[in-house]
Amino acid sequence: MTVRTRIAPSPTGDPHVGTAYIALFNLCFARLHGGQFVLRIEDTDRQRSTAESENMILDSLRWLGLDWDEGPDVGGPHGPYRQSERGAIYAQHAERLLESGHAFKCYRTSEELDALREERRAAGLHLALKPRDLALDPDEQRKREAGGYPYVIRMQVPSEGVCVVQDMLRGEIEVDWAQVDAQILMKSDGMPTYHLANVVDDHLMGITHVLRGEEWINSAPKHQLLYEYFGWPMPQLCHMPLLRNPDKSKLSKRKNPTSINYYRRMGFLPQAVTNYLGRMGWSMPDEREKFTLEEMMAHFDLQRVSLGGPVFELDKLSWLNGVYIREDLDDAALLQALREWAFNEAYVGQILPQIRPRITTLSEAMPLAGHFFAGLPEISEKSFDGVTLERDTLVALLQFLVWRLETIPRWEKEELLDQVKLLAGHFELKMKAFLAPVFIAVTGSAHSTSVLDAMTILGSDVTRARLRHAIEVLGGVSKKQAKRLEKQYREL
Ligand code: GLU
């Protein structure tokens, strides 16, 4: 048997370090066994998936050196590798399950579903809806079918008993069938859900081992059942421990930068990031901290993965990155790294129009544009002395801006301007007054290049990190304050 593993990201946002972490372990596992590693794009959520996100994910993984043998860009014998291009395959397979009686058409409206759940809640029962809960009176079912009402296709699931799933790291995982609902397989718009598409594709793409985050454990019983319904052998499952913030909560962008773009823009070396991700829950047999991807592949052993939640610590990554720069890069390589990072025509070219209106001698270029080549600016509470707003208002303003910026679909100047206008209106401030503290937070000084242009060029990750840094410098947001702010924010 040829080992085949895969990474199956959904292109719905920034390229997440968690995706790179799972990709790394899948890649190492495949290479250890002389197998193949596949990249599949799971873009069945048409509303949230974007080509931009897909490009960023591919680009980031490639930057990290996590190359795949088959994928949407490189092709391969099991394509297409983008789920949005495989619609007919899922429809056929859903049909097959309908014919074998393992799936059924469900005409329940969302109001009816809410009412059914409410009944169960009132009776103190588990909220998972079972086929028998969903069944309509036969006349009503016929009426809705004949009337061409919208429907979804759901899978049959047992009502009771225990489902046992084998996990390569955890051994037997037991899940009560009572908790498992009659999962939707095909939505009313004819698109498959993750569960159907994932199982069908893993099978058709010959995937033998599925290494994925532990957040998918609850899906495993449904997947196992689908493999049984189709009569297919199931890949071996391995649920990896989730990356955590230093406070042990799940790694989230609210607390830590989670986008690979951030690490790239901040000047981390790809080999240091990949090495650090390899230290997440795993160690080399000799416990050394610094190792290359090739060394990790050569010594890889899944049994060395420890299940205690690995903590992703920025300080440790920074330390390791420094070691890489100092030990591994000679002057020529360091110069090359700097070029790739920011000292290149594409990046500098964006900055020239910013300094042109203000520059008198060339020696002013760096003072004017230095912040484009920096990480977090050196600011303190005093930096905001010239801003006349109360501290609480100031913090609220910066925090609301961070939250708004987290949600915008495209990082473009017009979008940023819209958000700033909206918030300036909310705080009843003129644009200039609103932007004054933003200026300091983002560029580190009160006089610099245009702040909206700077934000556009710096990108979402660095901008948000700088705004968050300013909030910290101003004393941070306590839990209580955060609750209050969130409430006000929701009312915006
Ligand atoms: N599309 C899923 C994700 O975004 C894949 C989960 C899996 O590996 O099964 O993580």
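Cut-offs used in this document
- Residues numbered from 1 in each chain as written.
- Predicted model: local features only at pLDDT ≥ 70, side-chain atom pairs only at ≥ 80, totals over all residues.
- Heavy atoms only, no water.
- Helix = DSSP H or I, 4+ residues; strand = E, 2+ residues; numbered from the N terminus.
- Buried < 20%, exposed > 50% of the residue type's maximum accessible area, 1.4 Å probe, protein only.
- Near = heavy atom within 4 Å.
- Polar contact = N/O pair within 3.5 Å; in protein donor to acceptor, adjacent residues only side chain to side chain.
- Areas by Shrake-Rupley, 256 points an atom, 1.4 Å probe, with all protein chains shown as cover.
- Patch = residues over 30% accessible without salt bridge, like charges linked within 9 Å, V, L, I, M, F, W, Y side chains within 5 Å.
- Salt bridge = Lys/Arg side-chain N within 4 Å of Asp/Glu carboxyl O.
- Disulfide = S-S within 2.5 Å.
- Pairing = 2+ DSSP bridges.
- Axes fitted to C-alpha atoms, helices over the stretch in contact; angles between N-to-C directions.
- Core = buried A, V, L, I, M, F, W, Y, C linked by side-chain atoms within 4.5 Å.
- Contact = heavy atoms within 4.5 Å.

A. Highlighting the side chain of Asn26. Take Asn26: it is sitting in helix α1 (residues 17–32). By relative accessible area, which is 0% here, Asn26 ends up buried.

B. Examining unusual backbone geometry more closely. Here Gly79 and Pro80 are connected by a cis peptide whose omega angle stands at -5°. The residue Pro80 is located in the loop between α2 (51–63) and α3 (87–99) in this model. Of note in this structure, Glu287 is not a glycine but carries a positive phi near 65°. One can find Glu287 in the loop between α10 (270–278) and α11 (293–299). The backbone phi angle of Glu428 is positive, close to 50°, even though this residue is not glycine.

C. Region of interest: the site of the ligand. Close to the ligand lie Arg6, Ala8, Ser10, Glu42, Tyr194, Asn198, Arg212 and Trp216, which account for all nearby residues. Here an oxygen atom of the ligand and a side-chain polar atom of Tyr194 are 2.7 Å apart. Between Arg212 and the ligand, the recorded distance is 3.1 Å, taken from a side-chain N or O atom to an oxygen atom. Computed on the free molecule, the ligand has an accessible area of 300 Å², of which 82% lies beneath the protein chains in the complex.

D. View of a nonpolar patch on the surface. Residues Leu334, Leu338, Phe343 and Met366 make up a contiguous nonpolar surface patch of about 320 Å² in total accessible area. Mapped onto the elements, Phe343 comes out in the loop between α13 (331–341) and α14 (345–355).

E. A look at the state of the cysteines. Enumeration according to the criterion identifies 0 disulfides in this entry. The thiol of Cys28 is unpaired, and the distance to the nearest cysteine sulfur, on Cys238, comes to 13 Å.

F. Summary view of the sheet that holds strand β3 (residues 103–106). Read across the sheet, 3 strands follow the order β3-β4-β7 without closing on themselves; strand pairing throughout is antiparallel. Both outer strands of the open sheet, β3 and β7 (184–186), are each paired with one neighbouring strand and no more. Going across the sheet, the axis of each strand differs from the next one's by a mean of 45°, ignoring polarity. Across 4 bridges, the pairing between β3 and strand β4 (residues 152–155) is antiparallel. Counterpart to Lys105 in the pairing with β4 is Ile153.

G. Representation of the pairing of β4 within the structure. Going residue by residue along β4, you find Val152 and Arg154 tucked away on one face and Ile153 and Met155 tucked away on the opposite face as well. Bridge analysis of β4 against β7 gives 2 bridges, and the strand direction is antiparallel. Within β7, the position partnered with Arg154 by the bridge is Ile184.

H. Focus on the pattern of salt bridges. Taken as a whole, this structure holds 38 salt bridges when the rule is applied. Across the pair Arg410 and Glu415 runs a salt bridge whose closest N-O atoms are separated by 3.5 Å. Glu491 serves as the salt-bridge partner of Lys487, at 3.7 Å between the closest nitrogen and oxygen. Shared partners join several salt bridges into a network, and the residues in it are Arg6, Arg40, Glu42, Arg86, Asp201 and Asp202.

I. Quick peek at the nonpolar core. Of all hydrophobic cores here, the largest spans 55 residues; its most connected members are Phe25, Leu66, Leu277 and Phe312. Listed by contribution, the elements that provide at least two residues to this core are α1, β2 (36–39), α2, β9 (236–240), α9 (260–265), α10, α11 and α12 (314–328). When residues in this core are grouped by element, the largest group, 11 residues, is from α1. Residues within four places of Leu277 in sequence aside, it is in contact with Val17, Ala20, Tyr21, Leu24, Phe25, Leu243 and Phe312. Of all hydrophobic cores here, the second largest spans 48 residues; its members include Ile355, Ala396, Ala424 and Leu467.

Geometric descriptors of this kind do not, in isolation, establish any biological role.
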